[in-house]
Amino acid sequence: MDFSLSKEHQALQAKAKEFTEQVLYPHEMECEENDGISKETHNQIIQQVLDWEFNAPNHSKEDGGQGFSIFEQTILNEQLGGATGAIWDALWYPSYPMRFASPQQKEEYLIPTCQGKRRDAYAITEADAGSDPSQCTTRADKVDGGWRINGEKWFVTIGDIADYILVHAHVDGDVNKPTVFFVDKDLPGVELKRTPLYTHHFAFKHPEYIFNDVFVGDDKVLGEVGQGYDMTKDWFVEARLGIAARCVGAAIRAANEANEYAANRVQFGQSIRDFQAVEFMLADMAVEIMAAKSMLYRLSWDIDQNNDRKMNHARAAALKLHCSEMVCRVCDKAVQVMGGRGYMREQPVERLWRDTRVDRIWEGTSEIQRVIIGGQIKKRGMEIYTGW
Ligand SMILES: Cc1cc2nc3c(=O)[nH]c(=O)nc-3n(C[C@H](O)[C@H](O)[C@H](O)COP(=O)(O)OP(=O)(O)OC[C@H]3O[C@@H](n4cnc5c(N)ncnc54)[C@H](O)[C@@H]3O)c2cc1C
């Protein structure tokens, strides 16, 4: 058994680290001070992403992406996760369900998105539909030649820069017919409601949109009517792995920053790392990261070897839960090791501490991950988590 990274994986790891440090880090303070990045910066990063061949890692080369395996995505995402302000989101991962697009939809949406010419946002959440999306009230009604969409969506990440939104709606208001529609943002009836502020300073925004009698043609249904949830199941696995990998990367950067600071900071005539209280915090951080990273690599490798969707879904929930909770503990300690400096927004540890809080909320809260894990233990036994 060989757990070491292959030469190709090591090369990807080095390239992803270089990309993150050279292309993303220089814009972190711009993002922090302006609660986002300028159009000019964004365009520069888009060009760099294309030059470094990191565009659309999750889609096939045939569709204009990089066709990365899950393990390769993990290696990339881990490095990206070190960047603050979610600038990593300027490296686009077009929504997974677009793999189900028709050839015509691929030409119109997926391929130009993979090429960096268009950008999608994915809107499921509503005022009364969060963890339980079956409560969605956005509806699509059949009319001559297409559909009329009415409703409101919240937290539409990158809704500000996306030029089209994949809108999850119930056909005829029927919860059994969840369906996803391509909705171009410039269509009549698509209205920006408001752009709330959040805890983090994110490269892009998470606005709310109203869809007021928006007409879309028959060709705008992604997949089939009623397939809205089926298409997102595999996506949850990829998205949760992506979050877990970025959490590990964020924790590593925070731990490195704290370690370096502890080595150089002198109080009471000695380096603070020689106080056992500080040394123990660093030790705990290292162990937390080591455990999470082992779990991340093992599961990412495992998923590339098998097509057991249910098992992958069950384990991805455990990984997302563990890594998102781990990074918050590690970043909190990093802030503590750095004292008042750790509380300054100009320090990466402060920004990482704030940025990673959302990882316990989006793509399913920690409680929802526990609901999934608990259900799986009941159904298949403890072994699926402990017996591998
Ligand atoms: C910054 C940000 C970006 C986002 N981007 C997007 C996006 O692009 N597209 C999109 O569609 N959505 C997006 N979301 C929405 C996100 O997915 C939801 O916030 C999340 O799923 C939780 O839903 P909620 O906020 O309505 O909380 P609720 O579902 O109301 O949950 C509130 C609390 O109740 C708990 N709870 C709920 N149900 C259960 C249960 N069964 N058992 C135990 N506890 C439970 C939750 O864990 C939580 O603690 C984003 C959210 C944020 C904050």
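Enquirer: So what's going on with the domain arrangement of the protein? Residues and values would help.
Expert: Assigned domains within the protein: domain 1 (7-93), domain 2 (120-222) and domain 3 (230-386). Inter-centroid distance (C-alpha atoms) of domain 2 to domain 3 is 31 Å. Across the boundary between the two partners, domain 2 contributes nine residues, which contact ten residues of domain 3. Applying the counting criterion to the domain 2 and domain 3 interface returns zero salt bridges. Along the contact surface separating domain 2 from domain 3 lie zero residue pairs in polar contact (both at pLDDT 80 or more). A class-by-class count of the residues in the side of domain 2 that touches domain 3 yields four nonpolar, five polar and no charged.

Enquirer: Tell me about the pattern of salt bridges, residues and numbers included.
Expert: Within this structure, the stated rule accounts for 24 salt bridges. Close ionic contact of Arg99 with Glu238 constitutes a salt bridge, the shortest N to O distance being 2.8 Å. Here the residue Arg99 occupies a position in the loop between helix H4 (70-80) and helix H5 (103-114), and Glu238 occupies one in helix H6 (residues 230-264), the gap between them amounting to 139 residues. The partly exposed category is assigned to Arg99, whose relative accessible area is 30%. A salt bridge links Glu108 to Lys220; its shortest N-O distance comes to 3.0 Å.

Enquirer: Can you lay out H5 for me, pointing to particular residues and giving the numbers?
Expert: All of the buried residues along H5 are Gln105, Lys106, Tyr109, Leu110, Ile111, Pro112, Thr113 and Cys114. Gly116 lies just past H5 and shows a positive phi near 85°.

Enquirer: Outline the pairing of strand S5 (residues 178-184), listing residues and values.
Expert: The buried fraction of S5 amounts to seven of the seven residues, a majority that puts the element mostly inside the structure. A two-sided burial pattern is seen for S5, the buried positions comprising Pro178, Val180, Phe182 and Asp184 on one face and Thr179, Phe181 and Val183 on the other. As paired elements, strand S4 (residues 164-171) and S5 share seven bridges and run antiparallel to each other. Note that in S5 the partner of Leu166 across the bridge is Phe182. In this antiparallel pair of consecutive strands, S4 and S5, the connection spans six residues, and Asp172 shows a positive phi of 60°.

Enquirer: So, unusual backbone geometry: which residues are in play, and what are the values?
Expert: Phi is positive for Glu53, which is not a glycine, with a value near 55°. For Glu53, a relative accessible area of 48% corresponds to the partly exposed category. Its identity is not glycine, yet Ile158 carries a phi of approximately 60°, on the positive side. Looking at the element boundaries, Ile158 is found in the loop between strand S3 (146-153) and S4.

Enquirer: Give me the site of the ligand: which residues, what numbers.
Expert: Near the ligand lie 17 residues; those nearest to it are Thr125, Ser131, Thr157, Thr365 and Glu367. One nitrogen or oxygen atom from the main chain of Phe155 is found 3.0 Å from a nitrogen atom belonging to the ligand. Glu367 places a side-chain nitrogen or oxygen 2.6 Å from an oxygen atom of the ligand. Against a free-state accessible area of 970 Å², the protein chains account for coverage of 63% of the ligand.

Enquirer: Before we move on, can you summarise the packing of aromatic side chains with the specific residues and values?
Expert: Taken as a whole and assessed by the stated rule, the structure comprises 15 aromatic pairs. Consider the rings of Phe54 and Phe68, whose centres lie 6.4 Å apart with planes at 90°: the pair is edge-to-face. Placement of Phe54 in the loop between helix H3 (39-51) and H4 and of Phe68 in the loop between H3 and H4 is noted, with a sequence separation of 14 residues between them. Here Phe54 matches Phe68 in class, with each residue buried. Seen from their ring centres, Tyr164 and Phe182 are 6.1 Å apart, and the 35° between their planes marks the pair as tilted. Here Tyr164 is found in strand S4, whereas its partner Phe182 is found in strand S5, with 18 residues between them in sequence. Given the relative accessible area of 0%, Phe182 is considered buried. An aromatic cluster of three or more residues is present, and its members are Phe19, Trp52, Phe54 and Phe68. Across from the ring centre of Trp147, 5.2 Å away, lies the NZ or CZ of Lys142, which sits over that ring. Between Arg246 and the ring centre of Trp88, over which it is positioned, the NZ or CZ distance is 3.7 Å.

What counts, and at which threshold
- Residues numbered from 1 in each chain as written.
- Predicted model: local features only at pLDDT ≥ 70, side-chain atom pairs only at ≥ 80, totals over all residues.
- Heavy atoms only, no water.
- Domains from an automatic or database assignment.
- Contact = heavy atoms within 4.5 Å.
- Salt bridge = Lys/Arg side-chain N within 4 Å of Asp/Glu carboxyl O.
- Polar contact = N/O pair within 3.5 Å; in protein donor to acceptor, adjacent residues only side chain to side chain.
- Nonpolar A, V, L, I, M, F, W, Y, C, P; charged D, E, K, R; others polar.
- Helix = DSSP H or I, 4+ residues; strand = E, 2+ residues; numbered from the N terminus.
- Buried < 20%, exposed > 50% of the residue type's maximum accessible area, 1.4 Å probe, protein only.
- Pairing = 2+ DSSP bridges.
- Near = heavy atom within 4 Å.
- Areas by Shrake-Rupley, 256 points an atom, 1.4 Å probe, with all protein chains shown as cover.
- Phe/Tyr/Trp six-rings, centres within 6.5 Å; stacked < 30°, edge-to-face > 60°.
- Lys NZ or Arg CZ within 6 Å of the ring centre and 35° of its normal.

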